[in-house]
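# Analysis of the macromolecular model
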Protein chains: 2
Amino acid sequence: MTGALGIWVDGARTSQVPADDRGLHYGDGLFETVIVRRRVPRFLDAHLARLAQGCARLGIAGDFLAGLRDEIRDIVADAPDPAVLKILVTRGSATRRGYAPLGDERPRRILSLWPGSAPSASWADGVELVVANARLADNPGLAGLKHLSRLENVMATREAEQAGAFDALMLHASGHVISGAMSNVFAWSRGKLRTPRVDRAGVAGILRSVLLREAPALGLVALECELTLAELIHSDEVFITNVRIGVVPVRRVGEHRFPMNAIAQRLASHIGGLDA
Amino acid sequence: MTGALGIWVDGARTSQVPADDRGLHYGDGLFETVIVRRRVPRFLDAHLARLAQGCARLGIAGDFLAGLRDEIRDIVADAPDPAVLKILVTRGSATRRGYAPLGDERPRRILSLWPGSAPSASWADGVELVVANARLADNPGLAGLKHLSRLENVMATREAEQAGAFDALMLHASGHVISGAMSNVFAWSRGKLRTPRVDRAGVAGILRSVLLREAPALGLVALECELTLAELIHSDEVFITNVRIGVVPVRRVGEHRFPMNAIAQRLASHIGGLDA
């Protein structure tokens, strides 16, 4: 990634990792992308909580988590505004060949700091989505986690780019909508805000959680539920979210157009005003 | 991986890779595990063909493939017998942040040589499988490829180990059997050998291809088809395959026992006798 301001592997400044890392060999690890505004990492508690939950579910020893907050504070002390902090954690170097971990691996953390960029003004008018060809796996054991095995997402974002779209909607094997390839998705209809459950597939996005938490403060009813593609398409308003892009209205999914973006604008404004 | 005899990154002997590699960040790459017998890589044409096909499907530039055979010849020249050569190819260092590749990445190849080991004599009596809880994604775009996003397999092999089993059977979202977490699977019944199709999920294993090719020479009819768990369980004989373990009879899947292993033995003996 051309342009990193710094990379720290297990606390040491370097640009290399051991070639036997299980993150590289098997996508065996987790990551968080944290937005840093005025040298303050936004939603850091939520990021660290998701990382801790991921470690517990993958069976990665979480001892390193205790010192992570101090390490992050030191790294962001000189960060430009805005900046992006990527926290990548792997199960560590393999202690034998093969998929199955031996259980004695020492987790490795790779922190990197990047210059950030403000959301593009053009997004406010709404972006276009395509529906990805590939379906997401039904995998309750991995669902919700931001793990490193993301080739499905890579291929879906490639599909979106080739179609000139901003992101690709990803469906579960059942046909239900789960998320964008790099975002979560919300639909507004009949006076309620709905976002797909992420307990069978998908990522429990940090901004998604923040919106579910903050919606009542704006007088909005927000629900996690199953959402078919037809339900999404017949909604009054659709928007996508992640911590980097914020709340971005969707103007079009395939041939279906969404003229409204009032709810997205209200939420974007509210989120932008939150501390940290 | 404790015990590597050597690691070569883009031809240079080293033990490190750049921390911005997309293989590490997104599981964006491919690998091959090649068995080296008496300094000859077995089934090398088939491995290189699968790797080339994977590069084409992922949109990874395949120029490096032309020189790979020479590089491998040099590496295995001093290999112990048996040895294992791992060929790992990633899309290369990220040229921007985010899932979508920019298209100008330079692929990175990471070759490593390991001491091999003979298959365990105890496997000849048959091994036990469990059925993994997680289902495999329906993903025709990635199906068949041996890509780096293997956390599903990591978690399934972990499940197998915790149950004291040798491997875990993985099912497709539809409920059909696809493979073991680290192997392909064959079922013998009504005079025919069946192995699940791998065009929606799973890996097109090299030994699987060799068996499909060689079966007629032994007078066996071998088919790729859809295979339900019930069909597998009611087969006369079940075995699993990969280039490292060879052809290994399955004694038990959950509560279902398979007393026969004659077909597995015939195939194992035939495969062992092939050149290279």
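Everything below is about the structure printed above this text.
Residues numbered from 1 in each chain as written. Chains lettered and ligands numbered in written order. Predicted model: local features only at pLDDT ≥ 70, side-chain atom pairs only at ≥ 80, totals over all residues. Heavy atoms only, no water.

A separate point is the nonpolar core. Ranked by size, the top nonpolar core spans 76 residues in total, and within it Ile72 and Ile87 of chain A together with Ile72 and Ile87 of chain B carry the most contacts. Not counting chain neighbours up to four residues away, the residues in contact with Ile72 of chain A comprise Pro41, Leu44, Leu48, Leu85, Ile87 and Leu111 of chain A. Core analysis: the next-biggest nonpolar cluster, separate from the first, contains 23 residues, Ile206, Val243, Ala264 and Leu274 of chain B among them. (Core = buried A, V, L, I, M, F, W, Y, C linked by side-chain atoms within 4.5 Å. Buried < 20%, exposed > 50% of the residue type's maximum accessible area, 1.4 Å probe, protein only. Contact = heavy atoms within 4.5 Å.)

Glancing now at the interface of chain B and chain A. Counting from both sides, the interface comprises 61 residues of chain B and, opposite them, 62 residues of chain A. Here chain B and chain A share 2 salt bridges between them. Measuring nitrogen to oxygen at the nearest pair gives 3.1 Å for the salt bridge that ties Arg96 of chain B to Glu161 of chain A. Elements supplying a minimum of two residues to the side of chain B that touches chain A: strand S3 (16–18), helix H1 (22–26), strand S4 (29–37), helix H2 (44–58), strand S6 (83–90), strand S7 (108–115), strand S8 (127–136) and helix H4 (151–162) of chain B. Here the side of chain B that touches chain A takes 8 residues from H4 of chain B, the largest share from any one element. Here the residues of the side of chain B that touches chain A sort into 28 nonpolar, 16 polar and 17 charged. Bridge count between strand S3 (residues 16–18) of chain A and S3 of chain B: 3 bridges; the pairing is antiparallel. Each bridged residue has a counterpart across the sheet, and for Val17 of chain A the counterpart in S3 of chain B is Val17 of chain B. (Salt bridge = Lys/Arg side-chain N within 4 Å of Asp/Glu carboxyl O. Helix = DSSP H or I, 4+ residues; strand = E, 2+ residues; numbered from the N terminus. Nonpolar A, V, L, I, M, F, W, Y, C, P; charged D, E, K, R; others polar. Pairing = 2+ DSSP bridges.)

What follows covers the relation of the copies chain B and chain A. It takes a turn of 180 degrees to lay chain B on chain A, together with a shift of 0.0 Å along the axis; the resulting RMSD is 0.0 Å. A rotation of that kind, with that shift, is consistent with a two-fold axis. Most of the interface of chain B is mirrored in chain A, where 100% of its interface residues again form contacts. (Least-squares fit on C-alpha atoms with pLDDT ≥ 70 in both.)

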